Amino acid sequence: MRIQLTQRAEADELLGRSPLALLVGMLLDQQVPMEWAFTGPHTISERLGHDLTAEEIASYDPEAFTALLAQKPAVHRYPKAMAARVQQLAAYLVAHYDGKAELIWADAADGKELLGRLQALPGYGKQKAQIFLALLGKQLGVRPPGWREAAGAYGEKESYRSVADVVDADSLARVRAYKQAAKQAAKAE
């Protein structure tokens, strides 16, 4: 299935072929528009001159990596903090999954196990892990038994709650409208 999270062909193409890029995009998806977050891996790979590898990111000089993310246009609103998180994620992947992001879900026995693996990733809390699990199930066909239940409300069909449901410009607008309504409801409480 074709990924269309950023609505930019070259950035979406990278997300579709690189599980690491997809994991990094999800990590960056906080306090910035989702398209900006998921374009981040493409921006980083352009600046490196090649596709991302966990080994390279993990071993990159932290100050130089921060500078790479801070170049204009910045990869994230908080380039220093996010550079550190991306490097922590990459180091975790090297230590636990031979640097291969796809091994996180390759042999998960069920949705609960996969959710646990995702929650163990640096920078991934329960909500981020559930959203990523829903993204894997809905868009990449990674569907171990019980994946929808483990993903919670994000796993519901056509819920339009998160990036897991973004497949085109229309679904992006629907997810954005849902998020704005949820924000307004939270403010009203």
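In this text, all values refer to a predicted model and were calculated from it rather than measured experimentally.

Colleague: Got a minute to help me understand the side chain of His76 in this structure?
Modeller: Its place among the elements puts His76 in the loop between helix 5 (62-70) and helix 6 (79-97). Taking relative accessible area as the criterion, His76 reaches 1% and is therefore assigned buried. If we ignore the near neighbours within four places in the chain, the residues touching His76 are Leu28, Gln30, Val32, Trp36 and Met82.

Colleague: How do you make sense of the packing of aromatic side chains when you look at a structure like this?
Modeller: Aromatic ring pairs: the centre-centre distance and the angle between the two ring planes describe each pair. In the structure shown here, the tally under the stated rule is four aromatic pairs. Taken together, a centroid distance of 6.5 Å and an interplanar angle of 50° make the contact between Tyr92 and Tyr97 tilted. Ring geometry for Trp105 and Phe132: centres 5.9 Å apart, planes at 50°, overall tilted. Within this pair, whereas Trp105 is found in helix 7 (residues 103-106), its partner Phe132 is found in helix 9 (residues 126-140), the two being separated by 27 residues in sequence. For the pair formed by Trp105 and Phe132, the shared burial category is buried. Ring pairing ties together the aromatic residues Trp105, Tyr124 and Phe132, which thus form one cluster. Looking at Arg174, its charged tip hangs above the ring of Tyr160, at a distance of 3.9 Å from the centre.

About the criteria used
Residues numbered from 1 in each chain as written. Predicted model: local features only at pLDDT ≥ 70, side-chain atom pairs only at ≥ 80, totals over all residues. Heavy atoms only, no water. Helix = DSSP H or I, 4+ residues; strand = E, 2+ residues; numbered from the N terminus. Buried < 20%, exposed > 50% of the residue type's maximum accessible area, 1.4 Å probe, protein only. Contact = heavy atoms within 4.5 Å. Phe/Tyr/Trp six-rings, centres within 6.5 Å; stacked < 30°, edge-to-face > 60°. Lys NZ or Arg CZ within 6 Å of the ring centre and 35° of its normal.

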